[in-house]
Number of protein chains: 2
Amino acid sequence: MTEKQQNIFNAALELFSSEGVDATSTSKIAKRAGVSEGLIFRHFKNKEGLLQAILEEGLNKGEAYFREIASEENPKKRILSALQLPFSISPNEYPFWRLFYTLKWQRCNIETEGVMDFRTSLSDAFTQLKYTNPEAEARLVEAIIDGVATEILIKNLDPQPLLQCLLDKYKLK
Amino acid sequence: MTEKQQNIFNAALELFSSEGVDATSTSKIAKRAGVSEGLIFRHFKNKEGLLQAILEEGLNKGEAYFREIASEENPKKRILSALQLPFSISPNEYPFWRLFYTLKWQRCNIETEGVMDFRTSLSDAFTQLKYTNPEAEARLVEAIIDGVATEILIKNLDPQPLLQCLLDKYKLK
DNA sequence: TTATTGAGTGAGTAATCACTTACAAATGTA
DNA sequence: TACATTTGTAAGTGATTACTCACTCAATAA
């Protein structure tokens, strides 16, 4: 990636996540990146290609987190790590995750392989711990992760107290 | 509301929620509603006014649910009703709530008076039940409601098992 | 030196955007 | 009946959209 290509990438990520993809014109991106509009199309083919490049980079990082948790042997620790996930998002990753959660609602919902493995590994953990409905428990944890992540990404309050409450409910203190 | 005005309202709600506000042009709305484009501006002033009309109607209904729960006297029952909330969304309200959750991420996050009362009433309930951090518990319940609602609105799986798991965690069986 | 190539530009393109305007049809109301 | 108001339409408006094209420039290689 050349410097200007990176500028385009960064400008697009910021604008896509704060204003939305459809409300962000290529001319706006070019201006913010300090670049001619044509360069966007040389490097990324079209607006959709630029979005895909951003998504690919972010999802690769995300997948790594999921795989790490899924590979944890101890079932209690695995569930603990899963619940901690939204609390460990670094602020410099906020723009990507805001974009990600927005896109969930339009365009296709991105169900990556890693997320599916993650879900079954959670389900297995609940099975080992003799929960009566492990699949539902896994879905619930996923929903809680999404809900807490949303709270963290949208409001800017200290999220830490929420984690304490959560660990109570799963007896993971 | 005349019949054609209602057609515009319905067409816009469907398109806004499925494609997104910015990706929905007024000409598309007019076509879907079987109406000339100009009529949209006669009845709703502009595209933003149309969105606001949709939001106002939906939020009024939503506020009513929140107030009903907040007025429940028994603290355990109040928390129970809150957790049941996302499971009681009627499918014909799905388009509005999909639109609502999408808009959370762009445009200003709509913090209505009713939601704030709802939050403090939850906090009060947790106080009465001697939870150590009632405010955080209330925020967590809100986050869980959002997460579960998202799961219900996006995927189309039977949500009922999730409710059972949830009630376990709050000892509300 | 000369040829080739990839980065970068800026002025275009047709299509679409939200919105307006002039006017016709329908509806009430005296 | 006559007239005023509301409901509705069709054909526009200028601005903006994503994208293209012809071009320059700098670096590298033969």
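Now for the packing of helix α5 (residues 75-84) of chain B against helix α9 (residues 160-169) of chain B. Residue and element names in this part refer to chain B. Put simply, α5 and α9 touch, their axes get as near as 10 Å, and they point 150 degrees apart. One finds that α5 runs roughly antiparallel with respect to α9. Judged by the twist between their axes, the crossing of α5 over α9 is right-handed. Here α5 contributes L80, L83 and Q84 to the contact with α9, which in turn contributes L163, L166 and L167. Partitioned by chemical class, the residues of the contact of α5 with α9 number 5 nonpolar, 1 polar and no charged.

A few words now on the protein's contact with DNA strand C. Neighbouring residues of DNA strand C: 17 residues in total, closest K4, S36 and R42 of chain A together with T26 and K47 of chain B. If you look at DNA strand C and keep only atoms within 4 Å of the protein, 57% of those are sugar or phosphate atoms. Measuring from a phosphate oxygen of DNA strand C, one finds a backbone N or O atom of S36 of chain A at 2.8 Å. At 3.4 Å, a side-chain N or O of S25 of chain B approaches a phosphate oxygen of DNA strand C. Only α3 (37-44) of chain A together with α2 (26-33) and α3 (37-44) of chain B provide two or more residues apiece to the surface near DNA strand C. Per-element accounting of the surface near DNA strand C gives the leading share, 4 residues, to α3 of chain A. Residue composition of the surface near DNA strand C, grouped by class: 3 nonpolar, 10 polar and 4 charged.

This part takes up the domain arrangement of chain A. In many reports, interface size means the accessible area that the parts give up when they come together. Residue and element names in this part refer to chain A. Each assigned domain of chain A is listed here: domain 1 (1-45) and domain 2 (54-169). Taking only C-alpha atoms, the centre of domain 1 and the centre of domain 2 are 29 Å apart. With 7 residues of domain 1 in contact, the opposing surface of domain 2 contributes 8 residues. Across the domain 1 to domain 2 interface the summed buried area is about 690 Å²; carbon plus sulfur atoms make up 76%. There are 1 salt bridge connecting domain 1 and domain 2. Here R107 and D22 are joined by a salt bridge, their closest N and O atoms 3.7 Å apart. One can count 0 residue pairs in polar contact (both at pLDDT 80 or more) joining domain 1 with domain 2. Across the side of domain 1 that touches domain 2, the residue classes tally to 5 nonpolar, 1 polar and 1 charged.

When chain B is fitted to chain A, the best match, at an RMSD of 0.0 Å, comes from turning it 180 degrees and sliding it 0.0 Å along the axis. Here the symmetry operator amounts to a two-fold rotation axis. Across chain B, the smallest distance between a C-alpha and the rotation axis is recorded for G147 of chain B, namely 1.9 Å. Counting the interface residues of chain B, we find that 100% of their copies in chain A are interface residues as well, pointing to one common contact surface.

Reading guide: rules and limits
- Residues numbered from 1 in each chain as written.
- Chains lettered and ligands numbered in written order.
- Predicted model: local features only at pLDDT ≥ 70, side-chain atom pairs only at ≥ 80, totals over all residues.
- Heavy atoms only, no water.
- Axes fitted to C-alpha atoms, helices over the stretch in contact; angles between N-to-C directions.
- Helix = DSSP H or I, 4+ residues; strand = E, 2+ residues; numbered from the N terminus.
- Parallel < 35°, antiparallel > 145°, perpendicular 65-115°, else oblique.
- Left-handed = near helix turned anticlockwise from the far one by under 90°.
- Contact = heavy atoms within 4.5 Å.
- Nonpolar A, V, L, I, M, F, W, Y, C, P; charged D, E, K, R; others polar.
- Near = heavy atom within 4 Å.
- Polar contact = N/O pair within 3.5 Å; in protein donor to acceptor, adjacent residues only side chain to side chain.
- Domains from an automatic or database assignment.
- Buried area = accessible area lost by both parts, 1.4 Å probe.
- Salt bridge = Lys/Arg side-chain N within 4 Å of Asp/Glu carboxyl O.
- Least-squares fit on C-alpha atoms with pLDDT ≥ 70 in both.

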